[in-house]
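# Reading the structure
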Amino acid sequence: MSAETIKQILEKRPLIISGPCSAETREQVLDTAEALKQTGRVDILRAGIWKPRTRPGSFEGVGSVGLSWLQEAKALTGLPLAVEVANARQTEEALKAGIDVLWIGARTTVNPFSVQEVADVLYGVDVPVYIKNPVNADVELWLGAYERMQKTGDKAIGLIHRGFSHYGNTVYRNAPMWHLALEMKRRCSDVPFIIDPSHICGNRHLLQETIQKAMDLRYDGVMIESHINPDAAWSDARQQVTPDNLVHILDQIIWRQEEMPTEELHTLMQKYRTQINQLDNEIIELLASRMQLVQEIGKYKKENDVTILQVSRWKEILDRLCAKGAALGLSEEFIIQYFDAIHLESIKQQDMVMNQKKD
Ligand code: PEP
Ligand code: MN
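Bear in mind that the values here come from a model prediction, so they are computed numbers and not experimental data.

### Brief notes about the sheet that holds strand E6 (residues 157-161)
Strand order in the closed barrel formed by eight strands is E1-E2-E3-E4-E5-E6-E7-E8, and the pairing between neighbours is parallel. The mean angle between the axes of side-by-side strands here comes to 25°, regardless of whether they run parallel or antiparallel. Of the strand pairs in this sheet, strand E5 (residues 129-132) and E6 are connected by four bridges, and their pairing is parallel. Bridging from a neighbouring strand, Lys-132 pairs with Ile-160 of E6. Against the sheet, helix H3 (residues 65-77) makes contact with strand E2 (44-46) and strand E3 (81-84), and its axis sits at roughly 160° relative to E3, the strand it touches most.

### Looking at the site of ligand 1
The environment of ligand 1 is formed by Cys-21, Arg-46, Lys-51, Glu-84, Trp-103, Gly-105, Ala-106, Arg-107, Lys-132, Arg-162, His-199 and Glu-225. Between ligand 1 and the protein, one listed contact pairs an oxygen atom with a side-chain N or O atom of Arg-46 at 2.8 Å. Within the side chain of Arg-107, one N or O atom sits 2.8 Å away from an oxygen atom of ligand 1. In the complex, the protein chains occlude 98% of the 300 Å² of accessible area that ligand 1 would expose alone. Here the residues of the shell around ligand 1 are counted per class, giving three nonpolar, two polar and seven charged.

### A word on the environment of Gly-63
Inspection of the secondary structure puts Gly-63 in the loop between E2 and H3. Assessed through its relative accessible area of 13%, Gly-63 is described here as buried. Distance from Gly-63 to Thr-210, taken between C-alpha atoms, is 31 Å for residues 147 residues apart in sequence. Sequence-distant contacts of Gly-63, that is, excluding residues within four places in its chain, are made with Ile-49 and Trp-50.

### Brief notes about the environment of Pro-112
Mapped onto the elements of the fold, Pro-112 is located in helix H6 (residues 112-122). Under the relative-accessibility criterion, Pro-112 is labelled partly exposed at 33%. Residues Pro-112 and Glu-303, spaced 191 residues apart in sequence, show a C-alpha to C-alpha distance of 49 Å. Not counting the four nearest positions on each side in its chain, Pro-112 is found in contact with Leu-141 and Arg-148.

### Some details on a nonpolar patch on the surface
On the surface, Ile-283, Leu-328, Leu-330, Phe-334 and Tyr-338 cluster together into a nonpolar patch covering about 450 Å² of accessible area. Here Phe-334 shows up in helix H14 (residues 332-354).

### Overview of helix H12 (residues 263-303)
Look at H12: 60 Å from first C-alpha to last across 41 residues, which is about the 60 Å you get at 1.5 Å a residue. Residues Met-269, Met-291, Val-294, Gly-298 and Lys-301 constitute the buried set of H12. Residues of H12 that are buried sit in contact with H14. Following H12 by one or two positions, Asp-305 adopts a phi angle in the positive range, close to 50°.

### Quick notes on the pattern of salt bridges
Counted according to the given criterion, the structure contains 21 salt bridges. With its nearest N and O atoms 2.9 Å apart, the salt bridge here joins Arg-256 to Asp-216. One end of the pair, Arg-256, is in the loop between helix H11 (243-252) and H12; the other, Asp-216, is in helix H10 (residues 207-216), with 40 residues separating them in the sequence. Classification of Asp-216 by relative accessible area gives partly exposed; the value is 40%.

Cut-off values and rules
Residues numbered from 1 in each chain as written. Chains lettered and ligands numbered in written order. Predicted model: local features only at pLDDT ≥ 70, side-chain atom pairs only at ≥ 80, totals over all residues. Heavy atoms only, no water. Pairing = 2+ DSSP bridges. Helix = DSSP H or I, 4+ residues; strand = E, 2+ residues; numbered from the N terminus. Axes fitted to C-alpha atoms, helices over the stretch in contact; angles between N-to-C directions. Contact = heavy atoms within 4.5 Å. Near = heavy atom within 4 Å. Polar contact = N/O pair within 3.5 Å; in protein donor to acceptor, adjacent residues only side chain to side chain. Areas by Shrake-Rupley, 256 points an atom, 1.4 Å probe, with all protein chains shown as cover. Nonpolar A, V, L, I, M, F, W, Y, C, P; charged D, E, K, R; others polar. Buried < 20%, exposed > 50% of the residue type's maximum accessible area, 1.4 Å probe, protein only. Patch = residues over 30% accessible without salt bridge, like charges linked within 9 Å, V, L, I, M, F, W, Y side chains within 5 Å. Salt bridge = Lys/Arg side-chain N within 4 Å of Asp/Glu carboxyl O. Expected span 1.5 Å × (residues − 1).

As far as function goes, none of this settles anything; it's purely spatial.
This is the structure:
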């Protein structure tokens, strides 16, 4: 496949990349690829050849032999191929095998040495690379991996949101932390941004709502794991779907557009947005007034050797605001998050006043 053609495919919206978590056997790769092709919904076939597993002992991928199965799958279906690479040797092998799109996995993005090692091999090579978020909640690391790849010369680069490791229970295998993904999207606003619902959810049941949410946040596509016989998969069995189920999930998604469809709606929207802008201005002005009062209080606290924080006062403020928020239909979670941010800034301002710091 020429570099031109793969770039055109990557521009499809929504872009759908699908295939097994891992290439397991020649039959499994070919059968899955064939069934995915039949759906007519998949743009690129994915498969893990080298699997970075958190603990040893589980299936770590078939290795290079899987590349030849993928080549066969491409010959059979015409689907371009995407493979994860984590070090120089894997990158060289994938390039030699003519893999069309490479991706950097979450456990690799976390390590600048590994990212740089892959980048060094890709220097001057025009192959598209997609970069997953690091396992930990660190936008800078994600950005760093993106920048390392950018320095390797002209190539299509994309980003994949696959969620973040977390301690404790949530319904997700990897917490989506949408705000971090959106911050990355804001910083790289022109870069294709796709969702990997499989590794966020860890099970089939949450896939659809997670894709819907991403699409409503104007993501450009989906990388979703599929398998001809998911329950028998050698890795990530619970989150993989059959090609039929993939179609079913995609059919349920409402693919909304970013722009208002008519001029009238656009004008109406402008009216609402003008009002929102005014309210935002008022919020900022109120915040500034609040901070001035906070600084005044800081002077009295300083003169009288009183601590910045009085826990009981903070608790009283939050209780009152949560109750008021609830009466006005605002969730406790939101009120706490919002006022936590205000409170932290207030403490910082008083700290500057009381300890004579310059920001
Ligand atoms: C994968 O895509 O199969 C994979 C290992 O994903 P991640 O890097 O997101 O864990
Ligand atoms: Mn997987």
